[in-house]
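Analysis of the macromolecular model
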Amino acid sequence: MAGPARRCCLGWDFSTQQVKVVAVGADLNVFYEDSVHFDRDLPQFGTQGGVHIHKDGLTVTSPVLMWVQALDIILEKMKASGFDFSQILALSGAGQQHGSVYWKAGASRALTSLSPDLPLHQQLEACFSISDSPVWMDSSTTAQCRQLEATMGGAQALSCLTGSRAYERFTGNQIAKIFQESPEAYSLTERISLVSSFAASLFLGSYSSIDYSDGSGMNLLQICDKVWSQACLSACAPDLEEKLGRPVPSSSVVGTISSYYVQRYGFHPGCQVVAFTGDNPASLAGMRLEEGDIAVSLGTSDTLFLWLREPTPSLEGHIFCNPVDPQHYMALLCFKNGSLMRERIRDESASCSWSEFSKALRATEMGNGGNLGFYFDVMEITPEIIGRHRFNAENREVSAFPRHVEIRALIEGQFMAKRIHAEGLGYRVMPKTKILATGGASHNRDILQVLADVFDAPVYVTDTANSACVGSAYRAFHGLAAGAAVPFADVVKLAPQPRLAVTPTPGAAQLDAVGRPSIVTKDV
Ligand code: XUL
């Protein structure tokens, strides 16, 4: 049950596997949450993990109407639970990044004239020129990527302009493929949305703008000037600017809720819709990262979010416009060899036991006596490298380490690589830097101690299961307040705090200066 009525903001997350919502009260606590799981709750679409993987193994799409119907279902669930929609001051949301939605000519009219008597999916059935939307897991656009980089003067030049070299999942390359392979469908398209701005459009009853932050995941936006790059647009497809609309700052109010929701669910007609953004930017907001902070998710792959002031885009990682401060940026780095690599070394060198693994970390010294190791059993993406590489204190490559040394070399190597790549994107540890750790390995205090020592900063642990959703609700509060140009951190200062897990070992910084630069010269 939703409980007694409370003034609140909603945060939505249109992710790969489900649509989720949370309601956050003025005290910034979550008091309601719900979700619709695509595979389980919408089996008629036949998705696995929310997607269809095509025969070529590279093309990955999701039915756009499945997303629309999921919104119908979740709103009905909220209504059935007695949720008081009239108390919602504003809403915002997140979408899986890079995915794209193709609205057919005439769809705008259907959106503005929705009848409150019918669910959305029945009224929007004929509104899409492409019924299967490409999503972030798609990797079928290598030809388009090479073409875009060649037109733009190379991968680094494209990265300097748009924050990333060309990536298969980035939307500009996806649009280029649609234009090349389905030119009729492309010319019938009156508007192209990201998953985030598509979801916002459903609430607005008209096309929502793309926000700067999610717009940075397209290889089309000039991240410094915050305008579409004319050269990138014309390299991808004709008439693209008018199909995309003008990008807006992420905390913009894009309008008030469509009368459809007022009449069908009892929303207040003044409920504001704040621009939706990508799930990673929304998570940065949910974790309340501040300048100099870094969030480390230690899962199957390890992911880093960084808050940056002066980015230096490179061939690895992505720079996005910051979702809560338009003057600043965020970076996203993904490392494929995360938990699976840690588990392998645990099995090989710690008798399959995490407690043996921890013991080895405690039994070895910070800096590992000068021994360094880098372990990539699967082809790494940051950087592209495979194999295990071990160097002793004399900088000579060796084929094996004693078991304890191996374990510390793995964990120190993983975190040093993260710091080096973060610094490569312009990140600097600051005196006020906090590290927020999440994911499976964040439960291991000894691993976190190495993280604190390598970055010479305190590590906090936080639960990010709902961070994109909660971040969206925080962003809705921020959007409401932004008229007064209030910093995001002030809006969310009452929110629950992460828990301090470990602080750096005294002397960690000195070790930095002596031991660490040597790994830079080892080209990792
Ligand atoms: C980020 C990316 C994924 C999706 C997942 O670049 O592709 O993290 O955003 O939803």
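Here's what I pulled together on the structure shown here. (Residues numbered from 1 in each chain as written. Predicted model: local features only at pLDDT ≥ 70, side-chain atom pairs only at ≥ 80, totals over all residues. Heavy atoms only, no water.)

1. Things to note about the sheet that holds strand 16 (residues 302-308)
Across the sheet, which stays open at both edges, the seven strands sit in the order 17-18-16-15-22-23-24 with mixed pairing between neighbours. Taken across any chain shown, the strands that pair with only one partner, and hence form the sheet edges, are strand 17 (318-321) and strand 24 (499-502). Between one strand and the next, the sheet's axes are offset by a mean angle of 25 degrees, whatever the strand orientation. Seen against the sheet, helix 14 (residues 279-286) touches strand 16 and strand 18 (329-335) and runs at an angle of roughly 70 degrees to strand 16. (Pairing = 2+ DSSP bridges. Helix = DSSP H or I, 4+ residues; strand = E, 2+ residues; numbered from the N terminus. Axes fitted to C-alpha atoms, helices over the stretch in contact; angles between N-to-C directions. Contact = heavy atoms within 4.5 Å.)

2. Quick look at the packing of aromatic side chains
The final tally for this structure, using the stated rule, is 19 aromatic pairs. Look at Tyr-167 and Phe-170: their rings are 5.4 Å apart centre to centre, the planes differ by 35 degrees, and that puts the pair in the tilted class. For Tyr-167, a relative accessible area of 13% gives the class buried. On the basis of relative accessible area, Phe-170 is assigned to the buried category, the value being 0%. Aromatic ring contacts, followed pair by pair, group Trp-12, Phe-14, Phe-31, Tyr-32, Phe-83, Phe-85, Phe-203, Tyr-260, Tyr-261, Tyr-265, Phe-267 and Phe-276 into a single cluster. Directly above the ring of Trp-354 sits Arg-346, whose terminal nitrogen or CZ lies 4.9 Å from the centroid. The aromatic ring of Phe-335 is capped on one face by Lys-418, whose charged end is 4.7 Å from the ring centroid. (Phe/Tyr/Trp six-rings, centres within 6.5 Å; stacked < 30°, edge-to-face > 60°. Buried < 20%, exposed > 50% of the residue type's maximum accessible area, 1.4 Å probe, protein only. Lys NZ or Arg CZ within 6 Å of the ring centre and 35° of its normal.)

3. Quick look at the layout of surface pockets
The computed volume of the second largest pocket comes to approximately 760 Å³. If you trace the second largest pocket, you find 33 residues lining it, with Gly-286, Met-287, Arg-288, Tyr-474 and Pro-496 closest to the centre. Mapped by element, the contributors of at least two residues to the lining of the second largest pocket are strand 3 (30-37), strand 23 (459-461), helix 19 (467-481) and helix 20 (488-491). The element that contributes the greatest number of residues to the lining of the second largest pocket is helix 19, accounting for three residues. Considered class by class, the residues forming the lining of the second largest pocket number 17 nonpolar, six polar and ten charged. Summarising the domain contributions, the lining of the second largest pocket has at least three residues from each of domain 1 (8-281) and domain 2 (288-463 + 494-524). (1 Å grid on protein atoms, 1.4 Å probe; cavity = no way out; pocket = protein on both sides within 12 Å on 5 of 7 lines; lining within 4 Å. Points joined across faces, edges and corners; volume = space filled by probe spheres on them. Nonpolar A, V, L, I, M, F, W, Y, C, P; charged D, E, K, R; others polar. Domains from an automatic or database assignment.)

4. Details of the environment of Ser-129
One can find Ser-129 in the loop between helix 4 (120-123) and strand 8 (132-134). With 299 residues separating them along the chain, Ser-129 and Arg-428 place their C-alpha atoms 45 Å apart. With residues up to four places along the chain from it excluded, the contact list for Ser-129 reads Tyr-102, Trp-103, Lys-104, Ala-185, Leu-188 and Thr-189. At a separation of 2.7 Å, a polar atom in the side chain of Ser-129 contacts the side chain of Thr-189. (Polar contact = N/O pair within 3.5 Å; in protein donor to acceptor, adjacent residues only side chain to side chain.)

5. Concerning the side chain of Asn-392
If you trace the backbone, Asn-392 turns up in the loop between strand 20 (387-391) and strand 21 (397-398). A polar contact of 2.9 Å, which involves the side chain of Asn-392, links it to the backbone nitrogen of Glu-394. Sequence-distant contacts of Asn-392, defined by excluding residues within four places in its chain, comprise Gly-370, Asn-371 and Val-398.

6. Side note on empty space enclosed by the protein
Under the defined criterion, the tally for this structure stands at three cavities of 30 Å³ or more. Its volume calculated, the largest cavity comes out at about 120 Å³. Surrounding the largest cavity, 14 residues form its lining, Asn-337, Phe-376, Gly-413, Gln-414 and Ala-417 being those nearest its centre. At the level of elements, strand 19 (372-376) and helix 17 (403-424) are the ones that each hand at least two residues to the lining of the largest cavity. Ranked by the residues each element gives to the lining of the largest cavity, the list is headed by helix 17, at five residues. Here the residues of the lining of the largest cavity are counted per class, giving seven nonpolar, five polar and two charged.

Note that every value here comes from positions in space, so none of it alone points to a role or purpose.
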